[in-house]
Amino acid sequence: MKVLAFGTSNSRNSINQKLARYSAAQIDDADVTLLDIHDLEMPIFSEEREKESGIPAFAHDFYQAIGEADAIVISFAEYNGSYTSAYKNLFDWASRIDMKVYQDKPMIMLSTSPGPSGAQSVLAAAEGSAPFFAADVKGALSLPNFFDNFDVETGVVTDETFNQKLNQAISAL
Ligand SMILES: Cc1cc2nc3c(=O)[nH]c(=O)nc-3n(C[C@H](O)[C@H](O)[C@H](O)COP(=O)(O)O)c2cc1C
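First things first, this report covers the structure right here in the doc. (Residues numbered from 1 in each chain as written. Predicted model: local features only at pLDDT ≥ 70, side-chain atom pairs only at ≥ 80, totals over all residues. Heavy atoms only, no water.)

As for the sheet that holds strand E4 (residues 105-112)
Through backbone hydrogen bonds, the strands of a sheet pair up, either in parallel or in antiparallel fashion. On the basis of which strands lie adjacent, the open sheet formed by five strands has the order E2-E1-E3-E4-E5 and parallel pairing. Each of the sheet's edge strands pairs with one partner strand only, and the pair in question is strand E2 (31-34) and strand E5 (135-143). When strand polarity is set aside, the average angle formed by the axes of neighbouring strands in this sheet is 20°. Of the strand pairs in this sheet, strand E1 (residues 2-7) and strand E3 (residues 71-76) are connected by five bridges, and their pairing is parallel. By the bridge assignment for E3, valine 3 is matched with alanine 71. In this fold helix H3 (residues 57-68) packs onto E1, E3 and E4, with an angle of close to 135° to the strand it touches most, E1. Each of E4 and E5 touches helix H7 (residues 160-171); the most contacted strand, E5, lies at about 175° to it. (Pairing = 2+ DSSP bridges. Helix = DSSP H or I, 4+ residues; strand = E, 2+ residues; numbered from the N terminus. Axes fitted to C-alpha atoms, helices over the stretch in contact; angles between N-to-C directions. Contact = heavy atoms within 4.5 Å.)

Structure, rendered in structure tokens:
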């Protein structure tokens, strides 16, 4: 199974990137591609820019990477209760290629933050809007209090409840 995994943050030390990497690695026999959305940074979307210059190649790269995967693992970082500007911009550009950005791929949606909410607001927004963007969500789970529940030395989630739910979601892929 070809798995595309990424965090939706452009932080160089993203905890969501760590969670996406760990979670994808739990999928047996997966060929995992870890995408760094840093590498796909584009000008802020505007309809005028699109008319003048078209859709940037990085948006096509992102859309194609999803299309080539058999399954997707995304971990959503939350800024002020919502998406990071980095992911929103990437997603907005990609949605101009095809509103069905997720192309009916089975996916696991995750989120984490250092606080007790575990970025549940953005996760709920992503899960709630999934049908509009052709995301076949097999599981949506949040890891609260990241630094209490993730061993940064080994890159492993230590919260067994999360791990059980993750395994359930993986078996539904
Ligand atoms: C501008 C800004 C807004 C934030 N808003 C939230 C928030 O609404 N909810 C939350 O749980 N964490 C919030 N945080 C803390 C982030 O969860 C934390 O920075 C986390 O490390 C971001 O994920 P990342 O490491 O994958 O980038 C915010 C951080 C920043 C810089």
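Once you've had a look at it, read on.
Focus: the site of the ligand
Of all residues adjacent to the ligand, which total 14 residues, the nearest are Ser9, Ser14, Glu78, Asn80 and Gly81. One of the side-chain N or O atoms of asparagine 16 is found 2.8 Å from an oxygen atom in the ligand. In the complex, the protein chains occlude 66% of the 620 Å² of accessible area that the ligand would expose alone. The class makeup of the residues in the shell around the ligand is five nonpolar, eight polar and one charged. (Near = heavy atom within 4 Å. Polar contact = N/O pair within 3.5 Å; in protein donor to acceptor, adjacent residues only side chain to side chain. Areas by Shrake-Rupley, 256 points an atom, 1.4 Å probe, with all protein chains shown as cover. Nonpolar A, V, L, I, M, F, W, Y, C, P; charged D, E, K, R; others polar.)

Observations regarding the packing of aromatic side chains
This structure, assessed with the given rule, holds 13 aromatic pairs. Taking 5.9 Å as the distance between ring centres and 40° as the angle between the ring planes, the aromatic pair formed by phenylalanine 6 and tyrosine 87 counts as tilted. With a gap of 81 residues between them, phenylalanine 6 in strand E1 and tyrosine 87 in helix H4 (residues 85-95) connect regions that are remote in the sequence. Look at phenylalanine 6 and you get buried, because its relative accessible area is 0%. Aromatic pair phenylalanine 76 and tyrosine 87: ring centres 5.9 Å apart, planes at 80°, arrangement edge-to-face. Taken together, the residues phenylalanine 76 in strand E3 and tyrosine 87 in helix H4 connect sequence positions 11 residues apart. With respect to burial, phenylalanine 76 and tyrosine 87 carry one shared label: buried. Aromatic rings pair up to connect Phe6, Phe62, Phe76, Tyr83, Tyr87, Phe91, Tyr102 and Phe133 into one cluster. (Phe/Tyr/Trp six-rings, centres within 6.5 Å; stacked < 30°, edge-to-face > 60°. Buried < 20%, exposed > 50% of the residue type's maximum accessible area, 1.4 Å probe, protein only.)

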